[in-house]
Amino acid sequence: GAAGLGPALLGTLWLIVLTATIALPIGIGAAIYLEEYSRRSKLAGVLELAIANLAGVPSIVYGMLGLGLFVHALAMGETVIAGALTLALLILPIIITSSREALRTVKDGLREAALGLGATRWQCTRQVVLPMALPGILTGAILAIARAIGETAPLVVVGAVAFILYGPDGVDAKYTALPMQIFQWTSNPKRAFLDNAAAGNLVLMRTLLVINGVAIWLRNRYQARRS
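All residue numbers refer to position in the chain's written sequence, counted from 1. Where local features are concerned, this predicted model is filtered to residues with pLDDT of at least 70; where side-chain atom pairs are given and counted, the filter is 80 or more; whole-chain, interface and lining totals use all residues. Excluded from the side-chain calculation are hydrogens and water; included are all heavy atoms of the structure.

Caption draft 1: Seen up close, the overall build of the protein. Only DSSP runs of H or I with at least four residues qualify as helices, and only runs of E with at least two residues qualify as strands; both kinds are numbered from the N terminus onward. The helix and strand inventory of the protein stands at nine helices and zero strands. For the protein, the sequential pattern of α-helices and β-strands runs α-α-α-α-α-α-α-α-α. Expressed as lengths along the three principal axes of its C-alpha atoms, the size of the protein is roughly 70 × 40 × 30 Å. Per-residue accessibility, obtained with a 1.4 Å probe over protein chains only, is compared with the maximum for each type, and a residue is labelled buried under 20%, exposed over 50%, and partly exposed between these values. Burial status across the protein gives 40% buried among its 227 residues. Here the Shrake-Rupley method, with its probe set to 1.4 Å, supplies the accessible areas, and only the displayed protein chains count as covering residues. Total accessible area computed for the protein in this model is approximately 12,000 Å², and 67% of it derives from carbon and sulfur atoms.

Caption draft 2: How the structure looks around the packing of helix α3 (residues 59-73) against helix α4 (residues 80-104). For every element, the axis is a line fit to its C-alpha atoms; helices are fit only across the contacting stretch, and the angle between N-to-C directions ranges from 0 to 180 degrees. Close contact between α3 and α4 brings their axes to 9 Å; oriented N to C, the two are set at 135°. Our classification of the angle between α3 and α4 gives oblique. Crossing of α3 over α4 shows right-handed handedness. Judged by residue contacts, Ser59, Tyr62, Gly63, Leu65, Gly66, Phe70 and Val71 of α3 engage Ala82, Leu85, Thr86, Leu89, Leu90 and Pro93 from α4. Oblique is the label for every angle not falling under 35 degrees (roughly parallel), over 145 degrees (roughly antiparallel), or within 65 to 115 degrees (roughly perpendicular). Note on convention: near helix rotated counterclockwise from far helix by under a right angle means a left-handed crossing. Clockwise means right-handed. In what follows, residue pairs with any heavy atoms lying within 4.5 Å of each other are defined as contacts.

Caption draft 3: Geometry of the nonpolar core. Grouped together as the largest cluster of nonpolar side chains are 46 residues, with contacts concentrated most on Leu15, Ile91, Leu155 and Tyr175. Elements that contribute at least two residues to this core include exactly α1 (6-37), α3, α4, α6 (121-150), α7 (153-158), α8 (178-186) and α9 (191-226). Of the residues forming this core, the biggest block, eleven residues, is contributed by α4. Aside from chain neighbours lying at most four places away, what touches Leu15 is Val80, Gly83, Ala84, Leu87, Leu155, Tyr175 and Ala177. Here, nonpolar core means buried Ala, Val, Leu, Ile, Met, Phe, Trp, Tyr and Cys residues that are tied together by side-chain atoms lying within 4.5 Å of each other.

And the structure:
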């Protein structure tokens, strides 16, 4: 009866905001470089193959990478920022792949028209290509963030605690998340904790729906502007 989801909900929000802040600029930037600037070469082909393969790597592998790189090698410890960086690595391939597909939907005629009017490559990309591709990019971002919200395996490995009485107050704080708290309750044989886990699942799903709803609203808004 004294159980609550406040700290876990705060931890999840911290993780998702930090993960999106880290992964979206890097992923979209990488997609723009690969699609608009890089020349067709063997190196570009190897990079494309690597990105496609990384999208199918099990999440526990990313957790092990985060443990070795962020928690130990960079001495970040078992903190919010280490968990967010690990989740950012997890969703980067999805963001890059979906963003590249969105950029490919922009007609070459628009690029040629912008360049023909004297725009630089960057001006063409920033003012013509990117606004036209933004709805598709946001769609990929929604799918990637939805996956990150429900991940438990990487957080277990990088040190998210199963139960904590307070929410994080900074990027270097200890934390838990909704999937971790639900997992801890389902491991308890008492009926009351199983009921709590069911309620936690509802909160997790509602949180996911709210975040996705905001992202879909932004996507539709940009799509209406493009139309």
